[in-house]
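Understanding the architecture of this molecule
Here are the chains, one letter per residue:
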Amino acid sequence: MAGCLHCHHSGASVPSSFNHSRTLSLERRAWPASTPHLLGGQELIRRTWGFQMKSSNGHPLNVVSSQKEEQYTNGSKVEEEQVDSTVSITVIGASGDLAKKKIFPALFALFYEDCLPKHFTVYGYARTQLTDEELRNMISKTLTCRIDKRENCSNKMGQFLQRCFYHSGQYGSEKNFSELDKKLKEKEVGKLANRLFYLSIPPNIFVDVVRCASRNASSSTGWTRVIVEKPFGRDSQSSAELTQSLKQHLTEDQIFRIDHYLGKELVENLSVLRFSNLVFEPLWSRTFIRNVQLIFSEDFGTEGRGGYFDNYGIIRDIMQNHLLQILALFAMETPVSLDAEDIRNEKVKVLRSMRTLKLDDVVVGQYKGHTRGGKSYPAYIDDPTVPKGSLTPTFAAAALFIDNARWDGVPFLMKAGKALHTRGAEIRVQFRHVPGNLYKRNFGTDLDKATNELVIRVQPDEAIYLKINNKIPGLSMRLDSSNLNLLYAARYHKEIPDAYERLLLDAVEGERRLFIRSDELDAAWAIFTPVLKELENKIIAPELYPYGSRGPVGAHYLAAKYNVRWGDLSS
Ligand SMILES: NC(=O)C1=CN([C@@H]2O[C@H](COP(=O)(O)OP(=O)(O)OC[C@H]3O[C@@H](n4cnc5c(N)ncnc54)[C@H](OP(=O)(O)O)[C@@H]3O)[C@@H](O)[C@H]2O)C=CC1
Ligand SMILES: O=C1O[C@H](COP(=O)(O)O)[C@@H](O)[C@H](O)[C@H]1O
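Residues numbered from 1 in each chain as written. Chains lettered and ligands numbered in written order. Predicted model: local features only at pLDDT ≥ 70, side-chain atom pairs only at ≥ 80, totals over all residues. Heavy atoms only, no water.

Taking an unreviewed UniProt entry as the reference, the protein is identified by name as Glucose-6-phosphate 1-dehydrogenase belonging to Canna indica. The record in UniProt for the protein states the following under Sequence similarities (unreviewed entry): "Belongs to the glucose-6-phosphate dehydrogenase family." As its UniProt record puts it under Pathway (unreviewed entry), the protein is described as follows: "Carbohydrate degradation; pentose phosphate pathway; D-ribulose 5-phosphate from D-glucose 6-phosphate (oxidative stage): step 1/3." (UniProt positions renumbered as here; feature names shortened; annotations may be inferred.)

In the neighbourhood of ligand 1, 19 residues make up the surrounding shell, with Ser95, Leu98, Thr128, Tyr171 and Ile201 lying closest. Measuring from an oxygen atom of ligand 1, one finds a side-chain N or O atom of Lys101 at 2.9 Å. Residue Arg127 places a main-chain N or O atom 2.9 Å away from an oxygen atom belonging to ligand 1. Protein chains bury 76% of the 870 Å² of accessible surface belonging to ligand 1 in isolation. Tallying contributions element by element places helix 1 (residues 97–112) first for the shell around ligand 1, with three residues. For the shell around ligand 1, a count of residues per class yields eight nonpolar, five polar and six charged. (Near = heavy atom within 4 Å. Polar contact = N/O pair within 3.5 Å; in protein donor to acceptor, adjacent residues only side chain to side chain. Areas by Shrake-Rupley, 256 points an atom, 1.4 Å probe, with all protein chains shown as cover. Helix = DSSP H or I, 4+ residues; strand = E, 2+ residues; numbered from the N terminus. Nonpolar A, V, L, I, M, F, W, Y, C, P; charged D, E, K, R; others polar.)

Turning next to unusual backbone geometry. The step from Lys230 to Pro231 runs through a cis peptide bond, and the omega angle for that step is 5°. Assignment of secondary structure puts Pro231 in the loop between strand 9 (224–228) and helix 6 (236–246). The omega torsion of the bond from Gln459 to Pro460 falls at -15°, within 30 degrees of zero and hence cis. Mapped onto the elements, Pro460 comes out in the loop between strand 18 (453–459) and strand 19 (463–471). Residues other than glycine seldom take positive phi values, yet Asp114 does so here, at roughly 60°. Secondary-structure assignment places Asp114 in the loop between helix 1 and strand 6 (120–126).

Structure, rendered in structure tokens:
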């Protein structure tokens, strides 16, 4: 584990679980040791290992083989101090885009950095018929080594691939999951077995998989956790139904709802920036901040994912989750500690203090075909997987408000779009004007140009910069706006890990801070559901914008309504 400098990023009170031959008492517990569980109609108080006993539907999840102080593996008593543990990571939907593009590469990166436990196995599961070797071939094409550490790269890849296996099965087949269980057990023999399932599949089969996995492939000696990919429903109701269905088979503690934006380096840094710098924290309120902007743009369309996207649209795809999560982290009160529950409690409070979004405060757009420099770019509706005449927005801008003492009246503007002129994600904080500014004359009439602005560029070219007013050197008194610039590439000569690496590692460690709790999800949907319904019921036509442009002009009118100018226009 020497190479993994992860330990542990939050500095939270949770012990590291990377001590392979650690004592069981160090094991992260799914339940406090005295949590009551229903078992066969009787309530038992577990005072032993704290592993969860069973799901609410009566099926075992993390069943411990003994109620006594001893731990048994394959019938033989294992002394507390001697048990080695292993983690089996099963990627459900292993043949898919996300698995190939993100999950397997992230797992390899963790292995490469010595961040995975000593004993681990990766299983791919999908309907596609593949042999272990075929899976390895498929994965190997997407693995890369850190640019700054190429030593032993091919050796490491070989070692990693030897730990990868495949099982073909149907998503709703208990029999197929029992077969998987048997294979997992063969690799886990003699060890305390922890299991992580990653649902990298379309949402309509989430519940089937969770049912089959919890009934037939839960660990009988260690923990079982499930990472669930978005979308978590389409609105409040469907999200609540999904949560309820998942909770028939899993407890909330076992569900790791992933929002990969929370795993991005600069989003993770947001709290550090604010809570550990005296120059920022006192300014973090309506007293000094005029508006906050959360901007996401992609310079490509929905090509290849139109089928999925058309059912969701950009508000559900980006705003309700990624941008809203950033907003909650940005605006929360100081948590009691860095513990996951303390942070998530504060995020929920922000979300619940937010005003329900109104139609008047939303602008929607959709990209249309465009020819530039002899090259043609398709319209959204040219995608063969998108229904003709679709009104699904590929762009949206929205003005949101947090009705609490800290943020009363401060507009939080969001803008997200596909097929725009650039790719990026950033947080822009525009500060108020300096009262009675002595240098007012030097800015001419446009005081907004003198606004201090803090920019947190999440991607690409990660950076934090602060626009300040400065005297241009020389004999005259002329001012300009310059940047105090922290460009990550110049400051840190280290490759930034992919968001999925951080999140997978957290899930293995049982760190829930960067995963979405069900009450957060409910609060998030409550903000957006009414407007989503209204857009659909009133059949609101999106404003068309050319592929590769800056998006609909309506976004500027919306900002102007709140006396805001989008900060990305001047960059
Ligand atoms: N791709 C991305 O960039 C992102 C994806 N996500 C989410 O991650 C999850 C996985 O995404 P992605 O990999 O793109 O999805 P895919 O469409 O590639 O599906 C993954 C696998 O699921 C199986 N599958 C696909 N459609 C069906 C179906 N209708 N019924 C049963 N099985 C099906 C296929 O495997 P087989 O046929 O072999 O069983 C496929 O390889 C989704 O929930 C998606 O919303 C989230 C963020 C980004
Ligand atoms: O969740 C999603 O995110 C991607 C953008 O992620 P990024 O890390 O590449 O910025 C987006 O393309 C996709 O539509 C959405 O589902």
